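Here are the chains, one letter per residue:
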Amino acid sequence: LLLLILSADFFLPMRLLGSFFHIAMNGMAASEKIFRLLDLPEEERGNQPVPQDCSLRCQGVRFSYGEGRDVLDGVDLECPQGSFVALVGESGCGKSTLASLLMGRNRGYQGSVTVGGVELSALKEESLLESFTYISHQSYLFKGTVEDNLRMAAPNATDGELLEALDQVRLKEWVLSQPEGLDTFVGDAGGKLSGGQRQKMGIARALIMEPDFIIAD
């Protein structure tokens, strides 16, 4: 009887070891695929910085995800520096595709996309990411407080600067109405906030970074 009871204590660790073995094998297979992807040659980008004039202009822009799947067909768009431009259209008409194209994620477009008169493909990727900020319609918020999420963009920002950014997105009054103020807990992935509040928090976080161009999807 004693041996039968002790056998369970020997069996469980061996079973756990077998589980770790399968996890390790899956991890090794996944790592091989990841390293093959990392070793792929990258397309060369331009070497020019983003000019001070961040006026954006699109002329005859065409883009397709595949043959017979044209998403953008001759798009003309002009966004002067300091302007606010909204693209309105039904789902699937290419709004997100155009936003990704402006961020340099979608390549192989036809036509012309210029920033301050410089073609998008001629700009350095580092300079483009420093000057352009993309805000998804599902902005991710980390588990923590309002202040924690905002300071990710500007660790040295003052409380006044944080509140100013919140005021620009019409979220300051709500934050100050909470007992904890900037220390209000937003929950995992912003679960304690509404969808609109999460989007506003994402825009506020981008405003603190003071980019030249904000693209909100």
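As the structure is a computational prediction, the values presented were derived from the model and not from experiment.

J.: Would you explain the confidence of the model for the protein in this entry?
T.: Detailed conclusions should not be drawn from predicted coordinates in areas where pLDDT is low. For the protein, the average pLDDT comes to 81, and 98% of its residues sit at 70 or higher. Looking across the protein, the model is least confident in strand S6 (residues 213-216), with a mean pLDDT of 71, and most confident in helix H6 (residues 172-177), with 87.

J.: Explain a nonpolar patch on the surface to me, please; I cannot follow it from the model alone.
T.: Taken together, the side chains of Met-14, Leu-16, Leu-17, Phe-20 and Ile-23 present a nonpolar region at the surface, about 540 Å² in accessible area. Positionally, Leu-17 belongs in helix H1 (residues 2-38).

J.: Just checking my understanding: could you explain the pattern of salt bridges for this structure?
T.: When charged atoms on two side chains of opposite charge get close, those side chains can pair. Under the criterion given, the structure shown has 3 salt bridges. Here Glu-147 ties to Arg-151 by a salt bridge, and the two come within 2.7 Å at their closest N and O atoms. Within this pair, Glu-147 and its partner Arg-151 are both found in helix H4 (residues 146-151), separated by 4 residues, close to a single helical turn. An identical accessibility class is assigned to Glu-147 and Arg-151; each is buried.

J.: Just checking my understanding: could you explain H1 for this structure?
T.: Every α-helix carries 3.6 residues per turn, so stepping three or four residues along brings you back to the same face. The end-to-end C-alpha separation of H1 is 55 Å, in line with the 54 Å expected for 37 residues at 1.5 Å each. The buried fraction of H1 is low, at 0 of 37 residues.

J.: Which parts of the structure should I look at to understand the packing of helix H5 (residues 159-168) against helix H7 (residues 195-209)?
T.: Working note: a packed helix pair is described by the angle between its axes plus the distance between those axes. Close contact between H5 and H7 brings their axes to 9 Å; oriented N to C, the two are set at 130°. Classified by the interaxial angle, the pair formed by H5 and H7 is oblique. Taken as a pair, H5 and H7 cross one another with a handedness that is right-handed. Counted together, Leu-162, Ala-165, Leu-166 and Gln-168 of H5 and Met-201, Ala-204, Leu-207 and Ile-208 of H7 form the full contact between these two elements. Grouping the constituent residues of the contact of H5 with H7 by class yields 7 nonpolar, 1 polar and no charged.

J.: Hey, could you run me through the nonpolar core in this one?
T.: Side chains that are nonpolar tend, in soluble globular proteins, to be buried together. Judged by nonpolar contacts, the single largest core of 25 residues is most densely connected at Leu-101, Leu-102, Val-113, Val-115, Leu-120, Leu-123 and Ile-215. Taken together, the elements giving at least two residues each to this core come down to strand S1 (56-64), strand S2 (70-79), helix H2 (95-102), strand S3 (110-115) and strand S5 (132-135). Setting aside its immediate chain neighbours within four residues, Leu-123 contacts Arg-45, Gly-46, Gln-48, Pro-49, Val-50, Pro-51, Val-115, Val-118 and Leu-128. One finds Leu-150, Leu-171, Val-175 and Leu-182 within the second-largest nonpolar core, a separate group that totals 18 residues.

J.: What am I meant to see in a negative patch on the surface here?
T.: Negative charge collects at one region of the surface, where Glu-161, Glu-164, Asp-167, Glu-173 and Glu-210 lie side by side. The dominant element in the negative patch, judged by the number of residues it contributes, is H5, at 3 residues. Residue placement: Glu-173 occurs in helix H6.

J.: How do you make sense of H7 when you look at a structure like this?
T.: The first and last C-alpha atoms of H7 sit 22 Å apart over 15 residues, in line with the 21 Å expected at 1.5 Å per residue. Here H7 has its buried residues at Gln-197, Met-201, Gly-202, Ala-204, Arg-205, Ala-206 and Ile-208. Once H7 ends, the next one or two residues include Glu-210, with phi positive near 55°.

Parameters and conventions
Residues numbered from 1 in each chain as written. Predicted model: local features only at pLDDT ≥ 70, side-chain atom pairs only at ≥ 80, totals over all residues. Heavy atoms only, no water. pLDDT = per-residue confidence, 0-100. Helix = DSSP H or I, 4+ residues; strand = E, 2+ residues; numbered from the N terminus. Patch = residues over 30% accessible without salt bridge, like charges linked within 9 Å, V, L, I, M, F, W, Y side chains within 5 Å. Areas by Shrake-Rupley, 256 points an atom, 1.4 Å probe, with all protein chains shown as cover. Salt bridge = Lys/Arg side-chain N within 4 Å of Asp/Glu carboxyl O. Buried < 20%, exposed > 50% of the residue type's maximum accessible area, 1.4 Å probe, protein only. Expected span 1.5 Å × (residues − 1). Axes fitted to C-alpha atoms, helices over the stretch in contact; angles between N-to-C directions. Parallel < 35°, antiparallel > 145°, perpendicular 65-115°, else oblique. Left-handed = near helix turned anticlockwise from the far one by under 90°. Contact = heavy atoms within 4.5 Å. Nonpolar A, V, L, I, M, F, W, Y, C, P; charged D, E, K, R; others polar. Core = buried A, V, L, I, M, F, W, Y, C linked by side-chain atoms within 4.5 Å. Lys, Arg positive; Asp, Glu negative; His and termini not counted. Charge placed at Lys NZ, Arg CZ, Asp CG, Glu CD.

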